[in-house]
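Each chain, written out:
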2 protein chains.
Amino acid sequence: MLIQEMTRQESLNLLIRTRLCRLACAQGNQPYVVPFYFAYHNNSLYSASTVGQKIDWMRKNPLVCVEADEVASPHEWMSVVVFGRYEELPDTPEYQSERAVAYNVLQKQVVWWEPGYTKTILHGTERQLVPVFCRINIGQITGHRATP
Amino acid sequence: MLIQEMTRQESLNLLIRTRLCRLACAQGNQPYVVPFYFAYHNNSLYSASTVGQKIDWMRKNPLVCVEADEVASPHEWMSVVVFGRYEELPDTPEYQSERAVAYNVLQKQVVWWEPGYTKTILHGTERQLVPVFCRINIGQITGHRATP
């Protein structure tokens with residue numbers, strides 16, 4: 001097996017065709033990683049989510065890392081890692097055009113209200129359905145490809 | 001779709017049958033997440049890797065987070081999140097028995113020398129093949145299951 005670097009465009013292409021990645025955020029020295037559905041558009045990863053631990057943490061510290069991959073086997077895979085910054089798109093007058101962009105790309109590319117925006121029963125109580133529109137602005141991006 | 005919590009044993013069972021997860025570590029406020037092959041044994045996730053960014057970061061800050069999942073569709077999935085602590089198993093006399101445990105569980109459960117322990121050409125130079133045996137000691141574990 002040989003592991004080699006992917007070009008920036010090859011890495012972006014993987015993000016363009018991917019819907020599910022893993023998103024890591026951090027509070028103090030403690031990292032936290034969860035599955036994350038997104039849609040790529042114009043150097044950003046758009047998403048919609050209900051408020052919870054990951055949104056709480058990213059509001060306090062917007063530095064995030066995203067990993068997306070395509071694994072055919074342990075010997076044949078591609079993995080892209082993005083260092084980026086969380087930006088919330090609140091329901092305020094100055095963010096309306098950005099929220100419209102988010103809504104459009106999510107509607108086209110993912111069933112955006114699932115699983116983030118869904119009925120969730122935790123500790124016996126139903127979680128509120130308050131969708132948060134957000135995007136990860138891509139900073140550094142690297143990709144690696146393994147071939148047999 | 002309904003999202004519900006999994007029991008600790010259900011979450012551990014997912015780790016027992018999983019080989020590939022995503023591992024997040026952090027340096028300062030910056031998280032970093034990568035694919036991670038492991039084998040579960042006795043409340044720890046064992047792995048072998050070559051030295052690189054993730055090992056460098058975990059040596060400086062052992063707090064990590066691991067996410068493992070089984071995704072049938074956006075409406076049917078399980079996801080387990082572990083907060084844990086990185087522990088290196090160096091080639092010293094006091095760690096020989098722990099290294100033997102690591103070697104045994106990895107040999108049984110994963111092709112442990114791949115992809116971490118493999119020929120890698122980056123920036124035109126071949127990376128050294130120095131395997132690092134390590135484990136993630138599981139602290140908090142939570143799991144969620146979505147059903148249609």
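Everything here concerns the structure above.
An account of the accompanying structure is given in this report.

A few points about the side chain of D69(B)
Phase 1 of the analysis: As for its placement among the helices and strands, D69(B) is situated in strand β6 (residues 63-73).
Phase 2 of the analysis: Reaching out from D69(B), the side chain makes a polar contact with the side chain of R22(A) at a distance of 2.7 Å.
Phase 3 of the analysis: Apart from residues no more than four positions distant in its own chain, D69(B) is found in contact with R22(A), P35(A), L14(B), M78(B) and S79(B).

Considerations on the pairing of strand β5 (residues 44-50) of chain B
Residue and element names in this part refer to chain B.
Phase 1 of the analysis: Among the seven residues that make up β5, seven are buried, leaving the element largely enclosed by the rest of the structure.
Phase 2 of the analysis: The side-chain alternation of β5 yields two buried faces, one formed by S44, Y46, A48 and T50 and the other by L45, S47 and S49.
Phase 3 of the analysis: Sheet topology note: the strand β4 (residues 39-41)/β5 ladder contains three bridges and is antiparallel. The partner of A39 across the bridge, within β5, is Y46.
Phase 4 of the analysis: One ladder, built from seven bridges, connects β5 with strand β10 (residues 131-147); its direction is antiparallel. When the sheet's bridge partners are listed, Y46 is paired in β10 with R135.

A closer look at the interface of chain B and chain A
Phase 1 of the analysis: Each side of the interface is counted separately: chain B has 45 residues, and chain A has 45 residues.
Phase 2 of the analysis: Of the roughly 3600 Å² buried between chain B and chain A on both sides combined, carbon and sulfur atoms contribute 63%.
Phase 3 of the analysis: Here chain B and chain A share four salt bridges between them.
Phase 4 of the analysis: The closest approach of N and O atoms between D69(B) and R22(A), which form a salt bridge, is 2.7 Å.
Phase 5 of the analysis: Element by element, the count of residues in the side of chain B that touches chain A is highest for β6(B), at eight residues.
Phase 6 of the analysis: The class makeup of the residues in the side of chain B that touches chain A is 26 nonpolar, 13 polar and six charged.

Examining the packing of aromatic side chains
Phase 1 of the analysis: The tally for this structure, following the rule as stated, stands at five aromatic pairs over all chains.
Phase 2 of the analysis: Between Y32(B) and W57(B), the aromatic rings sit 5.4 Å apart at their centres with planes inclined by 50°, giving tilted as the arrangement. Pair noted here: Y32(B) is in strand β3 (residues 30-37) and W57(B) is in helix α2 (residues 53-60), with a separation of 25 residues, a long-range link.
Phase 3 of the analysis: Classification of Y32(B) by relative accessible area gives buried; the value is 11%.
Phase 4 of the analysis: Under the relative-accessibility criterion, W57(B) is labelled buried at 11%.
Phase 5 of the analysis: Here the aromatic cluster, defined as three or more aromatic residues joined through ring pairs, consists of Y32(A), W57(A) and F83(B).

Cut-offs applied
Residues numbered from 1 in each chain as written. Chains lettered and ligands numbered in written order. Predicted model: local features only at pLDDT ≥ 70, side-chain atom pairs only at ≥ 80, totals over all residues. Heavy atoms only, no water. Helix = DSSP H or I, 4+ residues; strand = E, 2+ residues; numbered from the N terminus. Polar contact = N/O pair within 3.5 Å; in protein donor to acceptor, adjacent residues only side chain to side chain. Contact = heavy atoms within 4.5 Å. Buried < 20%, exposed > 50% of the residue type's maximum accessible area, 1.4 Å probe, protein only. Pairing = 2+ DSSP bridges. Buried area = accessible area lost by both parts, 1.4 Å probe. Salt bridge = Lys/Arg side-chain N within 4 Å of Asp/Glu carboxyl O. Nonpolar A, V, L, I, M, F, W, Y, C, P; charged D, E, K, R; others polar. Phe/Tyr/Trp six-rings, centres within 6.5 Å; stacked < 30°, edge-to-face > 60°.

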